Amino acid sequence: VQLQASGGGLAQAGGSLRLSCADSGRTFSNYNMGWFRQAPGKEREFVALIDWSGGSTYYADSVKGRFTISRDNAKNTVYLQMNSLKPEDTAVYYCAASNNFYRNYKRYDYWGQGTQVTVSS
């Protein structure tokens, strides 16, 4: 598994961004995928996760109803659609892969490099 995240940038509060995370390996569909974020001086936190089939998803309360995680196994890509962005969403966002279906970032084995999301008020 080799993950490459993209799509971050600068958005205004209330705006939208879509993050992508592509896997250049051959086993993407075997893994559950998560998105996490880390703001300066804070611990990495869970954002959303999706199981290997795309049939189950789970969200942090702070993003529920605003963010949507999805995946396309044919393209080896997982997405995070972020709507109604808030300044507190500002962070570096990471995608990660795991055989487990957990919110705990320590359970994830493979990580992308991170993409910066900045939301201005």
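All of the points below concern the structure found in this document. Note that the structure is predicted; figures quoted are calculated from it, not measured. (Residues numbered from 1 in each chain as written. Predicted model: local features only at pLDDT ≥ 70, side-chain atom pairs only at ≥ 80, totals over all residues. Heavy atoms only, no water.)

### Side note on the overall build of the protein chain
And step 1. Summing up its helical and strand segments, the protein chain has zero helices and 11 strands in all.
And step 2. Ordered by position in the sequence, the α and β elements of the protein chain form the string β-β-β-β-β-β-β-β-β-β-β.
And step 3. Relative to its length of 121 residues, the protein chain is compact, with a C-alpha radius of gyration of 13 Å against a globular reference of 14 Å.
And step 4. A principal-axis box enclosing the C-alpha atoms of the protein chain has dimensions of 40 × 25 × 25 Å.
And step 5. If you take every contact in the protein chain between residues at least 6 apart in sequence, the share linking residues at least 24 apart comes to 57%.
And step 6. Element-wise, carbon and sulfur atoms account for 43% of the exposed surface of the protein chain, whose accessible area totals about 6,300 Å². (Helix = DSSP H or I, 4+ residues; strand = E, 2+ residues; numbered from the N terminus. Rg over C-alpha atoms; globule rule 2.2 N^0.38 Å. Contact = heavy atoms within 4.5 Å. Areas by Shrake-Rupley, 256 points an atom, 1.4 Å probe, with all protein chains shown as cover.)

### Focus on the state of the cysteines
And step 1. All told, the structure shown has one disulfide when counted by the stated rule.
And step 2. Across the disulfide from Cys21 sits Cys95; the S-S distance is 2.0 Å. Negative torsions about the S-S bond denote left-handed disulfides, and the value of about 65 degrees found for Cys21 with Cys95 makes this one right-handed. With Cys21 in strand 3 (residues 17-23) and Cys95 in strand 9 (residues 91-98), this pair connects stretches of sequence that are 74 residues apart.
And step 3. According to the relative accessible area criterion, Cys21 is buried, its value standing at 0%. (Disulfide = S-S within 2.5 Å. Buried < 20%, exposed > 50% of the residue type's maximum accessible area, 1.4 Å probe, protein only.)

### Here we look at the environment of Val47
And step 1. Looking at the secondary structure, you find Val47 in strand 5 (residues 45-50).
And step 2. When its relative accessible area of 0% is taken as the criterion, Val47 is described as buried.
And step 3. Here the alpha-carbon distance between Val47 and Ser84, two residues 37 residues apart in the chain, equals 15 Å.
And step 4. Beyond its immediate sequence surroundings of up to four residues, Val47 is in contact with Trp35, Phe36, Arg37, Tyr58, Tyr59, Ala60, Val63, Phe67, Leu80 and Tyr93.

### A look at the sheet that holds strand 8 (residues 77-82)
And step 1. Spatial ordering of the open sheet is given by 1-3-8-7, a layout of four strands whose pairing is antiparallel. Sheet topology places strand 1 (3-6) and strand 7 (67-72) at the edges, where each strand pairs with a single neighbour. The mean inter-strand angle of the sheet, taken between neighbouring strand axes irrespective of direction, is 15 degrees.
And step 2. Pairing analysis gives four bridges linking strand 1 to strand 3, with the strands arranged antiparallel. Bridge pairing in strand 3 places Leu3 opposite Asp23. (Pairing = 2+ DSSP bridges. Axes fitted to C-alpha atoms, helices over the stretch in contact; angles between N-to-C directions.)

### Some thoughts on the environment of Asn104
And step 1. Locating Asn104 in the fold gives a position in the loop between strand 9 and strand 10 (110-111).
And step 2. For the pair Asn104 and Phe46, spaced 58 residues apart in the sequence, the C-alpha separation amounts to 6.9 Å.
And step 3. At 2.9 Å, the side chain of Asn104 forms a polar contact with the backbone nitrogen of Lys106. (Polar contact = N/O pair within 3.5 Å; in protein donor to acceptor, adjacent residues only side chain to side chain.)

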